[in-house]
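Okay, here's what each chain looks like letter by letter:
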Amino acid sequence: MAAQTRVTVLGAGVAGLTTAVELAERGANVTVLERGSRVGEHACSWSAGGMLAPWCERESAEEAVIEGGGVALNWWPSHVDGVVRQGTLVVAPARDNAELARFARRTSRFEALDGEGVAALEPDLAGRFRSGLFFPDEAHLDPRAALAGLESRLAALGGHIRFGVEAEADSAEGDAVVDCRGFAARAEFPDLRGVRGEMLVVRTREIAFQRPVRLLHPRIPFYVVPRADGLFMLGATMIESAERRGPVVRSVVDLLNAAYALHPAFGEAEIVETRADVRPAFPDNLPRVDTRGRVTYVNGLYRHGFLLSPACARAAADAVLGPKEMSHEADRERRRA
Amino acid sequence: MELYGVKIGSRLLLGTAQYPSPAILADAVRASGAEILTVSLRRESGRLREGQDFWGLIAGLNVKVLPNTAGCHSVKEAVTTAQMAREVFGTNWLKLEVIGEADTLQPDVFGLVEAARILTEDGFEVFPYTTEDLVVAERLIDAGCKVLMPWGAPIGTGMGLNNVYGLRSLRAHFPDVPLVVDAGIGKPSHAAAALELGYDAVLLNTAVAKAGDPVAMAGAFKLAVEAGRSAYLADPIEPRDMAAPSTPVFGRASLA
């Protein structure tokens with residue numbers, strides 16, 4: 001049997017871990033180097049919503065999110081527990097109903113709902129909205145649980161993560177290197193920019209949602225993602241800035257006002273966490289998988305870390321190990337030999 | 001068209017917010033032919049240096065940057081933002097916004113006049129975002145403004161020219177001041193209507209940025225602005241109450 005390809009992956013965010021798992025599953029000997037002391041500490045995916053919502057995202061993103069999103073909807077459930085496929089509900093305050101019409105024109109794969117339809121899906125929203133859109137094929141996951149799931153999956157496949165290691169792609173060991181450092185790899189890409197996002201996590205037992213709910217509003221694109229134990233993630237701002245300080249008051253006020261408009265019970269929710277981070281993005285807001293010599297770069301996942309990382313991980317693994325079908329054939333040939 | 005002594009070819013000014021991506025913004029700007037882009041310091045970046053990537057991208061479009069004070073609710077806030085903007089963008093041009101009311105984003109015209117005076121004395125060339133109120137316009141001119149930017153309708157509403165009478169009298173009252181309809185434009189026909197009224201230019205953002213195809217919409221606005229301007233110069237007919245047949249009635253066959 002041929003020697004295992006030794007691959008070093010830089011960064012243990014969602015891009016790094018999906019890539020590491022994909023590589024390990026295809027037989028590579030994978031080491032992940034992470035500057036933080038644990039998974040998520042320095043990763044903007046730790047602040048993610050965890051929505052696998054390609055059809056909703058198409059409202060403002062290029063067509064590529066649909067294809068990549070399709071990959072994600074298959075990849076995640078076969079790799080981590082806790083992927084919930086209950087769709088996405090989109091509503092708008094009565095005075096912003098035009099926003100709903102616009103959203104519908106720009107998207108596909110949804111059912112238009114009346115007030116009763118909204119209430120049937122999310123009983124806690126009964127009587128609050130007269131219309132809505134339901135995207136039944138979408139899913140969501142808890143990003144932190146998912147990253148932990150990938151960490152153990154990688155360990156089970158024989159890969160490992162070395163924490164507290166800051167490394168550059170050129171000097172890293174291995175037959176191949178995959179640089180998944182996100183904004184920290186900025187020096188490699190002159191056109192990579194940071195898009196700041198702010199989020200909150202609140203807890204209330206007074207409301208239960210089965211699925212992410214998006215509240216359309218002309219000024220804030222707001223969503224709520226339900227998590228275990230009465231937790232709700234509220235997100236997220238989009239600011240053209242690479243600034244890392246904590247969330248600013250204006251953003252928090254906007255997010256909380258939107259939550260309160262969605263359901264007044266959020267007014268009594270406990271604020272558990274506020275967080276801000278910087279998403280790496282290219283000018284077209286789409287990710288890139290670039291190979292230069294021994295190094296493959298995965299970057300620019302923007303607000304689509306969980307949505308587009310499986311497709312990127314596949315492309316990166318193809319770049320490092322050759323396309324998947326080919327390697328299956330190669331395996332069969334090896335076995336015959 | 002001359003704005004503060006600078007000759008400008010295109011009568012379409014664009015904003016830079018809310019585009020699906022910077023790449024689409026760049027394509028839309030190219031399709032629009034716009035030579036002036038307004039950029040918000042408050043809305044698009046939390047603090048100065050961290051927004052450089054986005055601003056660098058705008059600078060790369062080879063346009064004149066008109067920094068704005070969008071989101072400022074007080075004179076002090078607007079003046080501070082203006083000074084920061086001058087430092088970052090290296091221009092004395094400033095689109096001055098002092099917002100007075102959160103729901104309609106209606107300008108606080110009292111604060112606007114005060115801020116315009118302070119900034120003009122400080123060497124700024126101020127483009128005030130104002131209402132179509134004649135008296136406020138007078139005060140802004142007194143404060144040193146050499147361009148006026150009345151709204152068509154509240155920001156982002158896309159309702160077009162809400163008070164055509166007001167805009168018409170503003171034009172008549174200030175025949176020599178460059179006038180730009182800023183805000184409320186939703187469709188190219190609105191832009192054409194503003195130019196037909198004799199307005200020198202229009203400034204808009206949402207109508208292009210949030211269109212299904214921003215690049216195609218930018219192109220449509222380019223044509224509309226050109227059409228409106230050409231129509232104004234061609235001296236449109238006056239509307240009238242009675243029909244006036246365009247075919248001569250003289251010499252018709254008489255069947256009586």
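Anything mentioned here points back to the structure above.
Keep in mind the model is a prediction, meaning the values are calculated, not measured.

Now for the overall build of chain A. Secondary structure assignment for chain A yields nine helices and 16 strands. Here chain A has a C-alpha radius of gyration of 21 Å; the compact-globule value for 337 residues is 20 Å, and the two agree. With respect to the principal axes defined by its C-alpha atoms, chain A has extents near 65 × 45 × 35 Å. Counting all 337 residues of chain A, 55% fall into the buried class. By element, 48% of the accessible surface of chain A is carried by carbon and sulfur atoms, the whole surface being about 14,200 Å². Computing the positive centroid from 41 side-chain charges and the negative centroid from 46, chain A places the two 1 Å apart.

Take the interface of chain B and chain A next. With 24 residues of chain B at the contact, the number on the chain A side is 24 residues. Applying the counting rule to chain B against chain A returns zero salt bridges. In this structure, the connection of chain B to chain A is made through four residue pairs in polar contact (both at pLDDT 80 or more). Those elements that place two or more of their residues in the side of chain B that touches chain A are α1 (22–32), α2 (41–44) and α3 (52–59) of chain B. The class makeup of the residues in the side of chain B that touches chain A is eight nonpolar, seven polar and nine charged.

This part takes up the layout of surface pockets. Residues and elements named next belong to chain A. Computed from the structure, the second largest pocket encloses a volume of approximately 820 Å³. Only α1 (14–25), β2 (29–34), β10 (193–203), β14 (270–281), β16 (295–299) and α8 (305–321) provide two or more residues apiece to the lining of the second largest pocket. When residues in the lining of the second largest pocket are grouped by element, the largest group, four residues, is from β14. The residue makeup of the lining of the second largest pocket, split by class, is 27 nonpolar, 12 polar and 10 charged.

Sheets are built from strands paired through backbone hydrogen bonds, the pairs being either parallel or antiparallel. Residues and elements named next belong to chain A. Reading across the sheet, the eight strands line up as β5-β6-β4-β11-β12-β13-β10-β14 and stay open at both edges, with mixed pairing between neighbours. Only two strands of the sheet have a single neighbouring strand rather than two, namely β5 (111–114) and β14. The mean angle between the axes of side-by-side strands here comes to 25°, regardless of whether they run parallel or antiparallel.

Note the cis peptide between Gly235 of chain A and Ala236 of chain A, where omega equals -20°. Positioned with a positive phi, Tyr302 of chain A is a non-glycine residue whose angle comes to about 55°. Secondary-structure assignment places Tyr302 of chain A in the loop between β16 and α8. Even without glycine at this site, Ala183 of chain B takes up a positive phi of about 90°. Within the fold, Ala183 of chain B resides in the loop between β11 (180–182) and α8 (188–196). According to the relative accessible area criterion, Ala183 of chain B is buried, its value standing at 8%.

Now for the pattern of salt bridges. If you walk through the whole model with that rule in mind, you get 28 salt bridges over all chains. Of the charged contacts, one joins Arg303 of chain A and Glu57 of chain A as a salt bridge, the two residues approaching to 2.9 Å between their closest N and O atoms. Remark: Glu57 of chain A occurs in helix α2 (residues 54–57) and Arg303 of chain A occurs in the loop between β16 and α8; sequence separation between them is 246 residues. Taking the shortest distance from any N to any O, the salt bridge between Arg171 of chain B and Asp200 of chain B comes out at 2.7 Å.

Attention now moves to the pairing of strand β4 (residues 88–91) of chain A. Residues and elements named next belong to chain A. Here β4 shows a buried face lined by Thr88 and Val90 and a second buried face lined by Leu89 and Val91. One ladder, built from three bridges, connects β4 with strand β11 (residues 213–215); its direction is parallel. Bridge pairing links Val90 to Arg214 in β11.

Here we take up the sheet that holds strand β1 (residues 6–10) of chain A. Residue and element names in this part refer to chain A. Taken in spatial order, the six strands make up an open sheet running β8-β2-β1-β9-β16-β15, and their pairing is mixed. Only two strands of the sheet have a single partner each, and these edge strands are β8 (160–163) and β15 (288–292). Sheet twist, expressed as the mean angle between neighbouring strand axes with direction ignored, is 20°. Relative to β2, β1 runs parallel, the two being bridged by five bridges. Following the sheet pairing, Leu10 is matched in β2 by Leu33.

What counts, and where the lines are drawn
- Residues numbered from 1 in each chain as written.
- Chains lettered and ligands numbered in written order.
- Predicted model: local features only at pLDDT ≥ 70, side-chain atom pairs only at ≥ 80, totals over all residues.
- Heavy atoms only, no water.
- Helix = DSSP H or I, 4+ residues; strand = E, 2+ residues; numbered from the N terminus.
- Rg over C-alpha atoms; globule rule 2.2 N^0.38 Å.
- Buried < 20%, exposed > 50% of the residue type's maximum accessible area, 1.4 Å probe, protein only.
- Areas by Shrake-Rupley, 256 points an atom, 1.4 Å probe, with all protein chains shown as cover.
- Lys, Arg positive; Asp, Glu negative; His and termini not counted.
- Charge placed at Lys NZ, Arg CZ, Asp CG, Glu CD.
- Contact = heavy atoms within 4.5 Å.
- Salt bridge = Lys/Arg side-chain N within 4 Å of Asp/Glu carboxyl O.
- Polar contact = N/O pair within 3.5 Å; in protein donor to acceptor, adjacent residues only side chain to side chain.
- Nonpolar A, V, L, I, M, F, W, Y, C, P; charged D, E, K, R; others polar.
- 1 Å grid on protein atoms, 1.4 Å probe; cavity = no way out; pocket = protein on both sides within 12 Å on 5 of 7 lines; lining within 4 Å.
- Points joined across faces, edges and corners; volume = space filled by probe spheres on them.
- Pairing = 2+ DSSP bridges.
- Axes fitted to C-alpha atoms, helices over the stretch in contact; angles between N-to-C directions.

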